[in-house]
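So the chains spell out like this:
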Protein chains: 6
Amino acid sequence: MDAANDAKALDARMSKLFKAIPETMKGFGQIASSATADGKLSKRDKELMAVAIAVVTHCDDCILYHLRAAVKAGASRDHVVETLALAVEMGGGPAVVYGSRALEIYEGLQK
Amino acid sequence: MDAANDAKALDARMSKLFKAIPETMKGFGQIASSATADGKLSKRDKELMAVAIAVVTHCDDCILYHLRAAVKAGASRDHVVETLALAVEMGGGPAVVYGSRALEIYEGLQK
Amino acid sequence: MDAANDAKALDARMSKLFKAIPETMKGFGQIASSATADGKLSKRDKELMAVAIAVVTHCDDCILYHLRAAVKAGASRDHVVETLALAVEMGGGPAVVYGSRALEIYEGLQK
Amino acid sequence: MDAANDAKALDARMSKLFKAIPETMKGFGQIASSATADGKLSKRDKELMAVAIAVVTHCDDCILYHLRAAVKAGASRDHVVETLALAVEMGGGPAVVYGSRALEIYEGLQK
Amino acid sequence: MDAANDAKALDARMSKLFKAIPETMKGFGQIASSATADGKLSKRDKELMAVAIAVVTHCDDCILYHLRAAVKAGASRDHVVETLALAVEMGGGPAVVYGSRALEIYEGLQK
Amino acid sequence: MDAANDAKALDARMSKLFKAIPETMKGFGQIASSATADGKLSKRDKELMAVAIAVVTHCDDCILYHLRAAVKAGASRDHVVETLALAVEMGGGPAVVYGSRALEIYEGLQK
């Protein structure tokens, strides 16, 4: 696993989808920017929420995307692992295995 | 919808399950208490994370359970609605309808 | 089950969420209008797609919302039941029970 | 909750769907009868497996349908609660709340 | 990613499962053929429905399988991208990343 | 696909998560050991239940983990394929493709 490379490939794929369905993706962009803006909850914590959801819904690329955003917004390893603990509460065994991948992806992003 | 009554019925149901599978539920209790304890992220924010996951995974009783816990830990209406916005980002249309129910449940819990 | 009443209650709930998170819901509105507009695929068929997804993801309110939109866009009972057959292919037994509810909701919307 | 009545309503709904999409439902019937037939695993244990899946995928009607079949095939309360414990392992908190409903449905079916 | 090769490997895997559980897979075959037959909705549009469901339920192999079938039944790139837009409406962010993969798989199938 | 290697990598990943969130994972360990212990249902059959859930919830690593445990507890190929048939009933087409992967993983574990 090479998190930086995976992230680059993901960005390229998403960019193609953006060009294919620009109106829909513009709406999604507005959702994403408004839903993760600093407010009573910080952008960092909102991105961590998205990571938790990604773990529970079994979406590796989502884990990568939102972990990267959470780290960029200031999330430390402690923030990430506490998020994974919460995901295990809500997702059981499958969240354990996806949480394990999330931790590996997090470490990959530090390199 | 009567949130207080629904919560009471949910507690009664969960209590029966606890008695039926005490060893498993004791393990779950330990997950729940450790995963939502105050840490680098607050208990309040962890319960809000659980609400977001509940909305995205279409679980009304989970919304009720974790909203109640989030409110008890200090979550305001603003915290809740920001959480619902994030859920919409990660869950699309179904999260809109479950988010709408979450807001109604939240209001029911204020009475 | 009273589909017309349920639809009215759903609209009221969604309207409250819209007011609570207007920026996010404005983005969602743009997604919804662009994603279901007539194109190479008709609005009718896109709303039926949404019904199929709603059945497979176990979301009663989504079934109601998109069935109503599909009917308004010209979907007949035949279109609906063919959609439910496809949902059974992709969702197995749970799609059978949610498909059964979808058929009941469809009939409720005809009254 | 009145499990016997709920089961009757479910049968009626499924019967309508069967008439609406007979070819597809005939295929589903063949899956259901072959997949739950006595083999190296008993029909009883296969229906319990279906209950566990129903709990993890948040489908009340599926819980009702397969619990009834499991009981008819000889499942005791002990079999059911062990099944719910396994569901909690694989489904986390949402499986706790749906498992609680399953236990209540089981008790309703005994009346 | 090599869509043609992936499709070949998928066919081989499914063929083994067919031999292992022939009665169940015969039932599934009848569901698949009846549910995707030309009717009031075309086979093409039904396969696109299946693609949308595959994107929302995070199943890469299902995307590959049903995209190939949709293309064979006459789906153009426009049909596919409109389908992905609808999937984004119903699946949010995770559908964006799986939709991006779907577009890549579609392009791979053109080679 | 190399099942033995994949299993080794999975164990390593899970071990890191265990160290990162020991309190939560200790609770999960208690759930796992109590929920899969021999009782009225055997450990073997409970692990097969977990395999069925893993197939329906689209989790490759869970399939690997619980298939390995089921085989260790005495599950034969017949037990596994009957489990996959039940998963197809509850999961439709996506369970066919994940069931196909499960069969391949099972064969990989025999080597």
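Every residue gets a number counted from 1 within its own chain, in the order that chain's sequence is written. The order in which chains are written sets their letters, starting at A; the order in which ligands are written sets their numbers, starting at 1. The predicted nature of this model means local features are confined to residues of pLDDT at least 70 and side-chain atom pairs, given and counted, to a pLDDT of 80 or more, with totals for whole chains, interfaces and linings taken over all residues. Only hydrogens and water are set aside when side-chain values are computed; all heavy atoms of the structure are taken into account.

1. Topic: the interface of chain D and chain B
Selection rule: For this analysis, residues touch if any pair of their heavy atoms sits within 4.5 Å. By convention, the term buried area covers the 1.4 Å-probe accessible surface removed from two parts as they join, with the contributions of both added. Every case where a carboxyl oxygen of Asp or Glu lies within 4 Å of a side-chain nitrogen of Lys or Arg is listed as a salt bridge. In the analysis that follows, any N or O atom pair within 3.5 Å is treated as a polar contact, provided that within protein one partner can donate a hydrogen and the other can accept it, and provided that, for residues neighboring in sequence, both atoms belong to side chains. Residue polarity follows a fixed list, in which Ala, Val, Leu, Ile, Met, Phe, Trp, Tyr, Cys and Pro are nonpolar, Asp, Glu, Lys and Arg are charged, and the others, Gly among them, are polar.
Contact with chain D, which involves 18 residues of that partner, is made by 15 residues of chain B. Buried surface at the junction of chain D and chain B, both sides included, amounts to about 1,400 Å², of which 73% is carbon and sulfur. On the surface where chain D and chain B come into contact, there are 3 salt bridges. One can count 3 residue pairs in polar contact (both at pLDDT 80 or more) joining chain D with chain B. The class makeup of the residues in the side of chain D that touches chain B is 9 nonpolar, 5 polar and 4 charged.

2. Considering the packing of helix 4 (residues 60–72) of chain D against helix 5 (residues 77–110) of chain D
Residue and element names in this part refer to chain D. Our working definition: Lines fitted to C-alpha atoms define the axes here, with helix axes fitted over just the stretch in contact, and angles between the N-to-C directions of these axes take values from 0 to 180 degrees. To qualify as a helix, a DSSP run of H or I must reach at least 4 residues; to qualify as a strand, a run of E must reach at least 2; elements of each kind are numbered from the N terminus. With respect to orientation, any angle under 35 degrees is reported as roughly parallel, any angle over 145 as roughly antiparallel, any angle of 65 to 115 as roughly perpendicular, and every other angle as oblique. Less than a right angle of anticlockwise turn of the near helix away from the far helix marks a crossing as left-handed, whereas a clockwise turn marks it as right-handed.
It is at 10 Å that the axes of helix 4 and helix 5 come closest, and there the two elements cross at 65°. Here helix 4 lies roughly perpendicular to helix 5, going by the angle between them. You can see that helix 4 and helix 5 cross each other, and the crossing is right-handed. For the pair helix 4 and helix 5, the contacting residues are Asp60, Ile63, Leu64, Leu67, Arg68 and Val71 in the first and Val80, Tyr98, Arg101, Ala102, Ile105, Tyr106, Leu109 and Gln110 in the second. Its residues assigned to classes, the contact of helix 4 with helix 5 shows 10 nonpolar, 1 polar and 3 charged.

3. Description of the interface of chain A and chain B
Counting from both sides, the interface comprises 30 residues of chain A and, opposite them, 30 residues of chain B. Both sides together, the interface formed by chain A and chain B hides about 2,600 Å², and carbon and sulfur atoms give 75% of it. By the criterion of area lost to chain B, the three top residues of chain A are Met49(A), Ile53(A) and Glu89(A), representing 25% of everything that side buries. Here Lys46(A) and Glu82(B) are joined by a salt bridge, their closest N and O atoms 3.1 Å apart. Remark: the boundary between chain A and chain B carries 6 residue pairs in polar contact (both at pLDDT 80 or more).

4. Considerations on the pattern of salt bridges
Selection criterion: For the exposure calls, accessible area comes from a 1.4 Å probe over protein chains only, and a residue counts as buried if that area is under 20% of its type's maximum, exposed if over 50%, partly exposed in between.
Throughout the structure, instances matching the rule amount to 60 salt bridges over all chains. For Asp45(E), the salt bridge is made with Arg44(E), and the minimal N-O distance between the two is 2.8 Å. Judged by relative accessible area, which is 10%, Asp45(E) ranks as buried. A single salt-bridge network, built from bridges that share partners, covers Arg13(A), Asp61(A), Asp60(E), Arg101(E) and Glu104(E).

5. Observations regarding the state of the cysteines
All names here are of chain E. As a reminder, the rule being used: For this text, the term disulfide refers to a pair of cysteine sulfurs within 2.5 Å.
Overall, the coordinates contain 6 disulfides over all chains when judged by the stated rule. Between the sulfur atoms of Cys59 and its disulfide mate Cys62 the distance is 2.1 Å. Torsion about the S-S bond of the Cys59 and Cys62 cystine: about 65°, corresponding to right-handed handedness. Here Cys62 falls in the buried class, since its relative accessible area comes to 2%.

6. Things to note about the relation of the copies chain D and chain B
In summary, the two copies of the chain are related to each other by a rotation about an axis coupled with a shift along it. Keep this limit in mind: Only residues with pLDDT of at least 70 in both copies contribute their C-alpha atoms to the least-squares superposition of the copies.
Each copy of the sequence occupies a distinct position, and chain D is placed on chain B by a rotation of 120° and an axial shift of 0.0 Å, giving an RMSD of 0.0 Å. Look at the turn and shift together and you get a three-fold axis relating the two. Minimal C-alpha distance to the rotation axis in chain D is attained by His58(D), lying at 4.5 Å. The residues that chain D uses at the interface reappear at the interface of chain B in only 6% of cases, marking distinct surfaces.

7. Brief notes about helix 5 (residues 77–110) of chain E
Residues and elements named next belong to chain E. Spelled out, the test is: Given the number of residues in a helix, its expected span is that number minus one, multiplied by 1.5 Å. Two axes are fitted around each residue, one to the seven residues ending there and one to the seven starting there, and the angle between them is reported as the bend at that residue.
Compared with the 50 Å implied by 1.5 Å per residue over 34 residues, the 10 Å span of helix 5 between its first and last C-alpha is markedly short. Along helix 5, the largest kink reaches about 140° and is centred on Gly91; proline Pro94 follows within four residues of it. Counted residue by residue, helix 5 has 28 buried out of 34 residues, so it is predominantly covered.

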